[in-house]
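Structure assessment
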Amino acid sequence: GEDVEQSLFLSVREGDSSVINCTYTDSSSTYLYWYKQEPGAGLQLLTYIFSNMDMKQDQRLTVLLNKKDKHLSLRIADTQTGDSAIYFCAESKYSSASKIIFGSGTRLSIRP
Amino acid sequence: AAGVIQSPRHLIKEKRETATLKCYPIPRHDTVYWYQQGPGQDPQFLISFYEKMQSDKGSIPDRFSAQQFSDYHSELNMSSLELGDSALYFCASSPGGQNTEAFFGQGTRLTVV
């Protein structure tokens, strides 16, 4: 079945790195995504990784994928107050307009 | 850059009324997805369209229907509204059926009273 799990909360100090973890159950998942949602706002695609990759870096963001363990992580370097949001892990298969399945989201809060 | 446009942004309806939500995809995007996000919940997939044909169906109630028009915009029709339908409804679009570039609109917040 399709299931994506994340821890609900993460608190980090400003300037530290944040690591948000996600596990998924569907081994046929082809794409794995990280979306950011600020309060009352829409879903912003941060980055995605194809299942045959194990790492992707984009500025302050690093995505690590362990396909064997079905574990995905998002590392945010030098976390800033503007990074406060809910971060959703999501997965989909490679097919025409395949649905994207979301995790429950991790609320990231930044403390001074 | 153009984004996914949803209208209205906010909508208040009474129980048993109907509502129509509209989604205008990014230009040259031919795939549209609809999601429902209840308070404190993750987005739940409702339905998707590719080239004006329904391509996938999720947890969309029978009271809801949707379609994609010739200009690729999509409408979600909701009838016999219930209090539990109160949620944020997102539309997303992607090009050529490839969901790697699925971009979401700002959502329509529906409140049923």
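Our subject is the structure that appears above.
Everything quoted here is computed from the prediction, not taken from an experiment.

**Looking at the overall build of chain A**
Helices and strands together make up the secondary structure of chain A, namely zero helices and eleven strands. The C-alpha radius of gyration of chain A comes to 13 Å, within 12% of the 13 Å expected for a compact globule of 112 residues. Dimensions of chain A along its principal axes, counting C-alpha atoms only, are 40 × 30 × 20 Å. Taken across its 112 residues, chain A has 47% of its residues classed as buried. For chain A, long-range pairs separated by at least 24 residues make up 56% of all intrachain contacts whose partners lie at least 6 apart in sequence. In chain A, 12 positive and 13 negative side-chain charges are present, and the distance between their average locations comes to 1 Å.

**Concerning the interface of chain A and chain B**
Facing the 23 residues of chain A at the interface are 24 residues of chain B. With both sides pooled, the region where chain A packs onto chain B buries about 1800 Å², and carbon together with sulfur makes up 53% of that total. Viewed at the interface, chain B and chain A are joined by one salt bridge. The salt bridge partner of Lys99(A) is Asp56(B), with a shortest N-O separation of 3.7 Å. The interface formed by chain A and chain B holds three residue pairs in polar contact (both at pLDDT 80 or more) in total. Among the elements of the structure, strand 4 (31-37), strand 5 (43-50) and strand 9 (85-92) of chain A are those that each provide at least two residues to the side of chain A that touches chain B. Looking at which element gives the most residues to the side of chain A that touches chain B, the answer is strand 4 of chain A, with four residues. Residues that form the side of chain A that touches chain B fall into these classes: twelve nonpolar, nine polar and two charged.

**A closer look at the nonpolar core**
Trp34(B), Leu76(B), Met78(B) and Tyr89(B) are the most contacted members of the largest nonpolar core, which totals 22 residues. When residues of this core are traced back to their parent elements, those giving at least two are strand 3 (19-24), strand 4 (31-37), strand 5 (44-50), strand 7 (64-68), strand 8 (74-78), strand 9 (87-94) and strand 11 (108-112) of chain B. If we skip the residues at most four places from it in the chain, Leu76(B) touches Ala19(B), Thr20(B), Leu21(B), Trp34(B), Leu46(B), Ile60(B), Phe64(B), Ser65(B), Ala66(B) and Tyr89(B). Membership of the second largest hydrophobic core comes to 21 residues, among which are Cys22(A), Tyr24(A), Ile49(A) and Ile101(A).

**As for the packing of aromatic side chains**
Residue and element names in this part refer to chain B. The tally for this structure, following the rule as stated, stands at 13 aromatic pairs over all chains. An angle of 85 degrees between the planes, with centres 6.2 Å apart, marks the rings of Phe 90 and Phe 104 as edge-to-face. With Phe 90 in strand 9 and Phe 104 in strand 10 (residues 103-104), this residue pair connects regions lying 14 residues apart in the sequence. The burial state of Phe 90 is the same as that of Phe 104; both residues are buried.

**Let's talk about the sheet that holds strand 1 (residues 5-7) of chain B**
Strands belonging to one sheet form pairs held by backbone hydrogen bonds; the direction of such a pair is parallel or antiparallel. All names here are of chain B. Here four strands make up an open sheet; going across it, the order is 1-3-8-7 and the pairing antiparallel. Of all strands in the sheet, those bounded by a partner on one side alone are strand 1 and strand 7. With strand direction ignored, the average angle separating the axes of adjacent strands in the sheet is 15 degrees. Looking at chain direction, strand 3 and strand 8 are connected through five bridges and run antiparallel. Following the sheet pairing, Ala 19 is matched in strand 8 by Met 78.

**What about the sheet that holds strand 8 (residues 71-76) of chain A?**
All names here are of chain A. Across the sheet, which stays open at both edges, the five strands sit in the order 1-3-8-7-6 with antiparallel pairing between neighbours. Across the chains shown, the open sheet's two edge strands, defined by having one partner strand only, are strand 1 (4-6) and strand 6 (55-58). Taking each pair of neighbouring strands and ignoring which way they run, the sheet shows an average axis angle of 15 degrees. Across three bridges, strand 1 lies against strand 3 (residues 18-24) in antiparallel orientation. Bridging across to strand 3, Gln 6 finds its partner in Cys 22.

Rules used throughout
Residues numbered from 1 in each chain as written. Chains lettered and ligands numbered in written order. Predicted model: local features only at pLDDT ≥ 70, side-chain atom pairs only at ≥ 80, totals over all residues. Heavy atoms only, no water. Helix = DSSP H or I, 4+ residues; strand = E, 2+ residues; numbered from the N terminus. Rg over C-alpha atoms; globule rule 2.2 N^0.38 Å. Buried < 20%, exposed > 50% of the residue type's maximum accessible area, 1.4 Å probe, protein only. Contact = heavy atoms within 4.5 Å. Lys, Arg positive; Asp, Glu negative; His and termini not counted. Charge placed at Lys NZ, Arg CZ, Asp CG, Glu CD. Buried area = accessible area lost by both parts, 1.4 Å probe. Salt bridge = Lys/Arg side-chain N within 4 Å of Asp/Glu carboxyl O. Polar contact = N/O pair within 3.5 Å; in protein donor to acceptor, adjacent residues only side chain to side chain. Nonpolar A, V, L, I, M, F, W, Y, C, P; charged D, E, K, R; others polar. Core = buried A, V, L, I, M, F, W, Y, C linked by side-chain atoms within 4.5 Å. Phe/Tyr/Trp six-rings, centres within 6.5 Å; stacked < 30°, edge-to-face > 60°. Pairing = 2+ DSSP bridges. Axes fitted to C-alpha atoms, helices over the stretch in contact; angles between N-to-C directions.

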